[in-house]
Amino acid sequence: PRSSKEDTIVRALTVEEQQKFTDWLINKPVNKYKYRNVFLIQMYMGLRVGEALALSTHDIDLKNRKINIHRTLTTDERGNFIMGNTTKTYAGKRILPIPDILYPYIIEQMQIANLQENNEEKLLFKPKNSKYVRRPNVNTELQRILKKEFGITDISTHSLRHTFGTRCIESGMAPVVVQRLMGHKDIGVTLNTYTSVFDKFREKEIDKVNQYYINENLNLKSSKNMLESSEELER
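What counts and what doesn't
- Residues numbered from 1 in each chain as written.
- Predicted model: local features only at pLDDT ≥ 70, side-chain atom pairs only at ≥ 80, totals over all residues.
- Heavy atoms only, no water.
- Core = buried A, V, L, I, M, F, W, Y, C linked by side-chain atoms within 4.5 Å.
- Buried < 20%, exposed > 50% of the residue type's maximum accessible area, 1.4 Å probe, protein only.
- Helix = DSSP H or I, 4+ residues; strand = E, 2+ residues; numbered from the N terminus.
- Contact = heavy atoms within 4.5 Å.
- Pairing = 2+ DSSP bridges.
- Salt bridge = Lys/Arg side-chain N within 4 Å of Asp/Glu carboxyl O.
- Axes fitted to C-alpha atoms, helices over the stretch in contact; angles between N-to-C directions.
- Parallel < 35°, antiparallel > 145°, perpendicular 65-115°, else oblique.
- Nonpolar A, V, L, I, M, F, W, Y, C, P; charged D, E, K, R; others polar.
- pLDDT = per-residue confidence, 0-100.
- Phe/Tyr/Trp six-rings, centres within 6.5 Å; stacked < 30°, edge-to-face > 60°.
- Lys NZ or Arg CZ within 6 Å of the ring centre and 35° of its normal.

**Student:** Please provide a residue-by-residue account of the nonpolar core, values included.
**Tutor:** Ranked by internal contacts, the top residues of the largest apolar core, which has 53 residues, are Phe21 and Phe39. It is helix H2 (residues 36–45) that contributes the most residues to this core, 7 residues altogether. Sequence-distant contacts of Phe21, that is, excluding residues within four places in its chain, are made with Leu13, Phe39, Met43, Leu142, Ile145, Leu146, Phe150 and Leu160.

Here it is as structure tokens:
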């Protein structure tokens, strides 16, 4: 059945907001801000928060700088947090390259996981007094930080994932590549999710073509006559 709930508009951080938040995060100790690296992973790799919280040291290939995304932290019908044996969609299973900016923070989180007691699964993010991190807690902490430090009140953990997707499009990445990085089940999801970003990018690309025409003197010879004719028709 079709849901009666209205679609929630999720906005991405602007480049300026992302830079300020990143600078703030990397200057904070991880022992005091335990979700710092969750935020960085989401913002620079586009993971869903459940995918990030499901990561273990076994999913990290430091030699080849890859992360294997193959499961997610989810809830059962009673609302209990459980470790799913797959991702949200079949396309969610993917192997992603670790960006250079994230590499030291991934290593840091692996070291924390390896030293943590009662962490047989070697989860990168494991609470001391419970089996799994509660996703709402991560979202609440993010919103608390953004409101207090930057006066931002309309960003969630999903916005961090959306920020990554937006930066990919703005950089000129092909939609099909964005789809695979984000783990969307088909290209339509990607195009619909980032319609406004694609439209803005398209306008910039068209400006490049127009400028190319001008630079190469590819002007229609009869353009002046056509313009005069159109003005006469308008009159």
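Don't stop here, the text continues.
**Student:** Which residues make up the sheet that holds strand S2 (residues 66–69), and what are the values?
**Tutor:** Reading across from one edge, S1-S2-S5 is the order of the 3 strands in this open sheet, with antiparallel pairing throughout. Of all the strands in the sheet, the pair left with one neighbour each is strand S1 (60–61) and strand S5 (94–97). Sheet analysis places S1 next to S2, joined by 2 bridges and oriented antiparallel. Looking at the pairing, Ile60 lines up with Ile67 of S2.

**Student:** Let's hear about the pattern of salt bridges: which residues, and what values?
**Tutor:** If you walk through the whole model with that rule in mind, you get 10 salt bridges. With a closest N to O distance of 2.9 Å, Arg94 and Glu51 form a salt bridge. Within this pair, whereas Arg94 is found in strand S5, its partner Glu51 is found in helix H3 (residues 49–53), the two being separated by 43 residues in sequence. No difference in accessibility class separates Arg94 from Glu51, as the two residues are buried. Residue Glu141 is joined to Arg144 by a salt bridge in which the shortest nitrogen-to-oxygen separation is 3.0 Å. With Glu141 and Arg144 both in helix H5 (residues 135–150) and 3 residues apart, the pair spans about one turn of that helix.

**Student:** Describe the packing of helix H1 (residues 15–26) against H5, and please don't skip the residues or the numbers.
**Tutor:** It is at 12 Å that the axes of H1 and H5 come closest, and there the two elements cross at 105°. Here H1 is positioned roughly perpendicular relative to H5, judged by the angle of their axes. Along its contact with H1, which presents Lys20, Phe21 and Trp24, the element H5 presents Leu142, Ile145, Leu146, Glu149 and Phe150. Broken down by class, the residue content of the contact of H1 with H5 amounts to 6 nonpolar, no polar and 2 charged.

**Student:** Hey, could you go over the confidence of the model for the chain for me, with residue numbers and the actual values?
**Tutor:** Looking at the chain as a whole, the pLDDT averages 85, with 86% of positions reaching at least 70. Every residue in residues 1–7 is under pLDDT 50, and counting partners more than four places away or in other chains gives 0 contacts.

**Student:** Please provide a residue-by-residue account of the packing of aromatic side chains, values included.
**Tutor:** Applying the stated rule across the entire model yields 4 aromatic pairs. Geometrically, the ring pair formed by Phe21 and Phe150 is edge-to-face, given 6.1 Å between the ring centres and 85° between the ring planes. You can see Phe21 sitting in helix H1 and its partner Phe150 sitting in helix H5, a full 129 residues away along the chain. Since its relative accessible area comes to 1%, Phe21 is described here as buried. Judged by relative accessible area, which is 28%, Phe150 ranks as partly exposed. Between the NZ or CZ atom of Arg65 and the centre of the ring of Tyr103, over which it lies, the distance is 3.6 Å.

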